Amino acid sequence: MIDLHAHSAVSDGTDTPEEFVQAALDARLDVVALTDHDTFDGIERAKAEALRCGVRVLAGIELSTQFDGASVHLLGYGCNGEDVRLAHELEKIRRSRLSRIPGMLERLADLGLPLTIEEVQVQAGGVSVGRPHVADALVARGYLANRTEAFERLLYDGGPAYVERYAPKLGRGIDLIREAGGVAVIAHPWGRGGRSILSPSVLRSLVFDHGLDGVEVDHNDHDARTSAELRKLAAAMGLLATGGSDYHGTGKTGHPLGCHTTSPEVLQALESLVHSRGGAL
Ligand code: AMP
Ligand code: FE
Ligand code: FE
Ligand code: ZN
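In this text the structure is predicted, and so the values were computed from the model without any measurement.

1. Some details on the packing of aromatic side chains
- According to the stated counting rule, one finds one aromatic pair in the structure shown.
- Residue placement shows Lys-92 over the ring face of Tyr-166; its charged tip is 4.5 Å from the ring centre.
- The ring of Trp-190 carries Arg-195 above its face, with NZ or CZ at 4.2 Å from the centroid.

Below you can see the structure in the form of structure tokens.
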């Protein structure tokens, strides 16, 4: 079984990279890609643990981007983490992830839910700080029951405690991933209102203008009909059709490792592309 989308506590998952590999083993996965938000920090540790366990861990990332002002997540596989342009852009995104937190805390204080920045930082295990960690701090204070409640009441896009942050344009994200030797796949493109943003004609122009490589077809945010339509479109456009769980440990319910998978044929095609670009999985 091959799962190409998962997070560790280096971003907003809850497993350390080592625990994550153990979880992949428990889920009987053969191959799993670690795709933390805007950082490669967990890759080395996960790979070291994987060597001991006989699971194959692939180097991935879930890059924050935007298209027409809407947030779009872009999966990158096999990127060279040392690539200067990509590293610089990741640094810029992570800085903005952090610099938005005081604004969110101000809003929460106005809502009668004061938190300190230290309480958020304690929840963030690594360099990629996000709304889920603000949610965790709210839960730790006993204000709310869980992340879901925090998102539904306060942190959703445009919500009362929401503050925007920087993200590069989607096309630029694809360029950066490819220039770093990687393969670019849009994560859950038609989930949560994405369908009106990433229409077939937009996807076609991303292929034509930037060389988009694939779309994540099988994901919890797609119902069976949506996946089937997207799979057909991917085939017509020559795009890789991947699948992944979007596992976040206990940070997101209903996303167990292996709940969506990628076929061996698609992984093989993805690997050849990475090798042809000088990247490494
Ligand atoms: P951010 O990148 O800081 O703006 O936060 C967005 C992240 O929050 C997404 O990548 C998801 O992993 C996570 N997220 C969004 N909605 C929820 C939810 N309802 N429950 C848990 N996590 C969520
Ligand atoms: Fe996440
Ligand atoms: Fe995502
Ligand atoms: Zn994800």
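What follows continues from the structure just given.
2. A closer look at unusual backbone geometry
- Unusually for a residue other than glycine, Asp-68 sits at a positive phi of about 50 degrees.
- You can see Asp-68 is positioned in the loop between strand E3 (56–67) and strand E4 (70–77).

3. Looking at the packing of helix H3 (residues 84–99) against helix H8 (residues 170–179)
- In contact at an axis separation of 8 Å, H3 and H8 are set at 135 degrees when each is read in the N-to-C sense. Our classification of the angle between H3 and H8 gives oblique. In this structure, H3 crosses over H8, and the sense of that crossing is left-handed. Facing H3, whose interface residues are Arg-85, Leu-86 and Glu-89, H8 presents Arg-172, Leu-176 and Glu-179.

4. Describing the site of ligand 1
- The full set close to ligand 1 counts 14 residues, and Asp-12, His-37, Arg-100, Arg-131 and Arg-165 are the nearest of them.
- Within the side chain of Arg-100, a nitrogen or oxygen atom sits 2.9 Å from an oxygen atom of ligand 1.
- Here an oxygen atom of ligand 1 and a side-chain polar atom of His-248 are 3.0 Å apart.
- In isolation ligand 1 exposes 500 Å². Once the protein is present, 87% of that is buried.

5. Some remarks on helix H6 (residues 131–140)
- In terms of burial, H6 is largely enclosed, as eight of its 10 residues are buried.
- Of the residues making up H6, those classed as buried are Arg-131, Pro-132, His-133, Val-134, Ala-135, Asp-136, Ala-137 and Leu-138.
- Contacts from the buried residues of H6 go to helix H4 (101–110), helix H5 (117–123) and helix H7 (147–155).
- Looking one or two residues past H6, Gly-142 carries a phi angle of roughly 85 degrees, positive in sign.

6. Overview of the pairing of E3
- Taking burial as the measure, the 12 residues of E3 include nine buried ones, the bulk of the element.
- Two elements, strand E2 (residues 31–34) and E3, share four bridges in a ladder whose sense is parallel. In the strand pairing of E3, Val-31 is matched with Arg-56.
- Strand direction decides the pairing type here: E3 and E4, joined by eight bridges, are antiparallel. Of the residues in E4, the one forming a bridge with Ile-61 is Gly-76.

7. Details of the coordination of the iron ion (ligand 3)
- The coordination sphere of the iron ion (ligand 3) contains the protein donors Glu-62 (OE), His-73 (ND1) and His-188 (NE2), at a distance range of 2.1 to 2.2 Å.
- Sequence positions of the residues that donate to the iron ion (ligand 3) give the spacing E-x10-H-x114-H.
- Distance-wise, the iron ion (ligand 2) is placed 5.6 Å from the iron ion (ligand 3). With His-73 in strand E4 and His-188 in the loop between strand E5 (183–186) and helix H9 (194–197), this pair connects stretches of sequence that are 115 residues apart. Comparing His-73 with His-188 shows no difference in burial state: the two are buried.

Here is what the cut-offs are and how they apply
- Residues numbered from 1 in each chain as written.
- Chains lettered and ligands numbered in written order.
- Predicted model: local features only at pLDDT ≥ 70, side-chain atom pairs only at ≥ 80, totals over all residues.
- Heavy atoms only, no water.
- Phe/Tyr/Trp six-rings, centres within 6.5 Å; stacked < 30°, edge-to-face > 60°.
- Lys NZ or Arg CZ within 6 Å of the ring centre and 35° of its normal.
- Helix = DSSP H or I, 4+ residues; strand = E, 2+ residues; numbered from the N terminus.
- Axes fitted to C-alpha atoms, helices over the stretch in contact; angles between N-to-C directions.
- Parallel < 35°, antiparallel > 145°, perpendicular 65-115°, else oblique.
- Left-handed = near helix turned anticlockwise from the far one by under 90°.
- Contact = heavy atoms within 4.5 Å.
- Near = heavy atom within 4 Å.
- Polar contact = N/O pair within 3.5 Å; in protein donor to acceptor, adjacent residues only side chain to side chain.
- Areas by Shrake-Rupley, 256 points an atom, 1.4 Å probe, with all protein chains shown as cover.
- Buried < 20%, exposed > 50% of the residue type's maximum accessible area, 1.4 Å probe, protein only.
- Pairing = 2+ DSSP bridges.
- Donors = N, O, S within 2.8 Å, 3.2 Å for Na, K, Ca; no water.

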